[in-house]
Amino acid sequence: MHQTTPPHPEDGNGVDQAYLALERELAVFLRRARASSGEMARAVHPELEAAAYGLLVRLEDAGEQRATDLAAYFGVGKATMSRQLRALGDLGLVARTPDPADGRASLVRITDEGRARFTRVRDARRAHHVRKLSDWDPREIAELARLLRQLNASAEG
């Protein structure tokens, strides 16, 4: 008989141990990621909020976007996104330009200054990852990236 999914060991109370382990490891990972985002944000600019660092990542990766699209991507409200973008704009890290597709809307883009600061911090962070994972097989790193991409895609849906 062919099983499509492997069985998950359960404890005596019917609790799926694999999902408990996943939850535990994600909690530790997320806590560390939040702390790291704060450090990276302050490295970009001393007044930058940790949450705003992710906006720079998104704008660098995806290019200019509407604030509403950014809010949807991150799963936050328009007011929260507006506040974060205003703070980034006040620091000179992002700018708004009219949206050619809709004159009532604007597109947010990372500025040259924002890109230079972000790139410096991102490159330093990447070097840190290379050092921390130097004993990992490159295939394991690629597999971890694939699995995280899959997890993120599941969260979007």
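What counts, and at which threshold
Residues numbered from 1 in each chain as written. Predicted model: local features only at pLDDT ≥ 70, side-chain atom pairs only at ≥ 80, totals over all residues. Heavy atoms only, no water. Helix = DSSP H or I, 4+ residues; strand = E, 2+ residues; numbered from the N terminus. Buried < 20%, exposed > 50% of the residue type's maximum accessible area, 1.4 Å probe, protein only. Contact = heavy atoms within 4.5 Å. Areas by Shrake-Rupley, 256 points an atom, 1.4 Å probe, with all protein chains shown as cover. Core = buried A, V, L, I, M, F, W, Y, C linked by side-chain atoms within 4.5 Å.

Caption draft 1: Region of interest: the overall build of the protein chain. Helix and strand counts for the protein chain come out as six helices and three strands. Going from the N terminus to the C terminus, the protein chain shows its helices and strands as α-α-β-α-α-β-β-α-α. The buried share of the protein chain, reckoned over its 157 residues, is 22%. Relative to all contacts within the protein chain whose residues are 6 or more apart in sequence, the contacts with residues 24 or more apart total 46%. Carbon together with sulfur atoms contributes 54% to the accessible area of the protein chain, which is approximately 11,100 Å² in total.

Caption draft 2: Focus on the nonpolar core. By size, the foremost hydrophobic cluster in this structure holds 21 residues, and its most contacted members are Leu48, Leu56 and Leu88. Among the elements of the structure, helix H1 (17-44), helix H2 (50-62), helix H3 (67-74), helix H4 (78-90), strand S3 (102-110) and helix H5 (112-132) are those that each provide at least two residues to this core. For Leu48, the contacting residues outside a window of four places in its chain are Ala41, Arg42, Leu56, Leu88, Leu91 and Leu93.

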